[in-house]
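Here is how the chains run, residue by residue.
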Amino acid sequence: MICEPQLAPGLVEIPAGAFIMGETIDDKFATDTERPAHRVVFARPFALGRCPVTVGEYRAFVPAHAPGEDSDLPVVNVSWDDARAFCAWQCGQTGRPYRLPSEAEWEYACRAGTRTPFASGGDLSLRDANFLYSENGERVGVGARTSVGCYAPNAFGLYDFHGNVCEWVEDAWHPDYAGAPADGSSWLDGGDPARRVIRGGAWDYLPRLLRSAWRDALPCAHRRDNTGFRLALTLDS
């Protein structure tokens, strides 16, 4: 495995379009949290970070964060509140409307035109992503975060959507997709605002938890050693 050069904080424009969000029919690991599958339409393009925010980038905001860690690792031990504060700081630094992605934006970008369980196909190998356990529970992975950009990008040119670190998104937690927005916006009404969605799976997970449709939630103030985030940007019309 050869790492690409440091890519963050570069942004990638994600084209307007439509996709089916949620459960993949032939996915034996799909759960009710991923149902009902539903069509989402993005009328306008938007931008996402090519990679998750790195330790080095986050240190520009909080210099004392994670002393001794390599700067090209994805940042972890940041809460949803911390991630939002970083976005606000970036807005102040640049004058551009940085934010967390919506859950729909995240999945649309992750799938990059696919409807298989993973953007790489029906299965995931250690050549595709950083995860720890096989589906049989055998320890097979490196057991730690890897530098951003170490694995092949998806069709949109985005890295690390499967594994390495879970990623915070803007949405409040809803236990299923009944009533979810169809326009790709963040789903804030009617959910649990004290818990926010995480996506993507992490370095210490097994493949079923790295699927494009997989979703979970954590309390807003919670910090974990396997959860980070990437930036989103609303583009000028």
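Model, not experiment: these values are computed from the prediction. (Residues numbered from 1 in each chain as written. Predicted model: local features only at pLDDT ≥ 70, side-chain atom pairs only at ≥ 80, totals over all residues. Heavy atoms only, no water.)

K.L.:
It is not clear to me how helix H3 (residues 103-111) should be interpreted in this structure. Could you clarify?
P.N.:
Because an α-helix completes one turn every 3.6 residues, residues spaced three or four positions apart along the sequence face the same direction. In terms of residue burial, H3 counts as a mostly covered element, since 9 of its 9 residues are buried. Listed in full, the buried residues belonging to H3 are Glu103, Ala104, Glu105, Trp106, Glu107, Tyr108, Ala109, Cys110 and Arg111. Just downstream of H3 lies Ala112, where phi reads positive at about 50°. (Buried < 20%, exposed > 50% of the residue type's maximum accessible area, 1.4 Å probe, protein only. Helix = DSSP H or I, 4+ residues; strand = E, 2+ residues; numbered from the N terminus.)

K.L.:
Where do I start with the sheet that holds strand E4 (residues 46-49) in this structure?
P.N.:
Two modes of strand pairing occur in sheets, parallel and antiparallel, and in both the strands are linked by backbone hydrogen bonds. With respect to topology, 4 strands assemble into an open sheet ordered E1-E4-E10-E5, the strand pairing being antiparallel. The open sheet has two edge strands, strand E1 (11-14) and strand E5 (98-99), and neither has a second partner. Judged from the 4 bridges that link them, E1 and E4 form a sheet pairing that is antiparallel. By the bridge assignment for E4, Glu13 is matched with Ala47. Across the sheet, H3 touches E1, E4, E5 and strand E10 (232-234), and the angle it forms with E4 is around 75°. (Pairing = 2+ DSSP bridges. Contact = heavy atoms within 4.5 Å. Axes fitted to C-alpha atoms, helices over the stretch in contact; angles between N-to-C directions.)

K.L.:
What is the right way to look at the sheet that holds strand E9 (residues 227-228) in this model?
P.N.:
With respect to topology, 4 strands assemble into an open sheet ordered E8-E7-E6-E9, the strand pairing being mixed. Taken across any chain shown, the strands that pair with only one partner, and hence form the sheet edges, are strand E8 (215-219) and E9. Bridging between strand E7 (residues 192-199) and E8 involves 5 bridges; their strand directions are antiparallel. The residue bridging Arg199 from the neighbouring strand is Arg215, located in E8.

K.L.:
Help me understand the pairing of E4 in this model?
P.N.:
Regular strands place their side chains on alternate faces of the sheet. Of the two faces of E4, the one holding Phe46 and Leu48 and the one holding Ala47 and Gly49 are both buried throughout. Relative to E10, E4 runs antiparallel, the two being bridged by 3 bridges. Counterpart to Phe46 in the pairing with E10 is Thr234.

K.L.:
How should I be thinking about the pairing of strand E6 (residues 166-173) in this particular structure?
P.N.:
With 8 of 8 residues buried, E6 is to be regarded as a mostly interior element. Where E6 and E9 come together, 2 bridges link them in parallel fashion. By the bridge assignment, Glu167 is partnered in E9 with Gly228. Looking at chain direction, E6 and E7 are connected through 4 bridges and run antiparallel. Bridge pairing links Glu167 to Arg199 in E7.

K.L.:
Please clarify how the nonpolar core should be interpreted in this entry.
P.N.:
In a soluble, globular protein the nonpolar side chains are often hidden away together inside. Trp168 and Phe229 are the most contacted members of the largest nonpolar core, which totals 31 residues. When contributions to this core are tallied by element, the ones reaching two or more residues are helix H1 (55-59), helix H2 (80-94) and E6. The element that contributes the greatest number of residues to this core is H2, accounting for 4 residues. Membership of the second largest hydrophobic core comes to 22 residues, among which are Phe161, Val169, Val197 and Ala217. (Core = buried A, V, L, I, M, F, W, Y, C linked by side-chain atoms within 4.5 Å.)

K.L.:
Teacher, can you tell me more about unusual backbone geometry here?
P.N.:
Glycine aside, residues mostly have negative phi, and peptide bonds are mostly found in the trans state. Omega for the peptide link from Arg35 to Pro36 comes to -5°, which places this bond in the cis form. By the secondary structure assignment, Pro36 is in the loop between strand E2 (17-21) and strand E3 (38-42). At Asp160, a residue that is not glycine, the phi angle is positive and equals roughly 65°. For Asp160, the location among the structural elements is in the loop between H3 and E6. At Asn164, a residue that is not glycine, the phi angle is positive and equals roughly 70°. Here Asn164 is to be found in the loop between H3 and E6.

K.L.:
Before we go on, may I ask you to explain the pattern of salt bridges in this structure?
P.N.:
Two side chains with opposite charge may pair up if their charged atoms get near one another. Per the counting criterion, the structure on display carries 14 salt bridges. Between Arg35 and Glu23 there is a salt bridge, and its shortest N-O distance comes to 3.1 Å. Remark: Glu23 occurs in the loop between E2 and E3 and Arg35 occurs in the loop between E2 and E3; sequence separation between them is 12 residues. The buried category is assigned to Glu23, whose relative accessible area is 14%. (Salt bridge = Lys/Arg side-chain N within 4 Å of Asp/Glu carboxyl O.)

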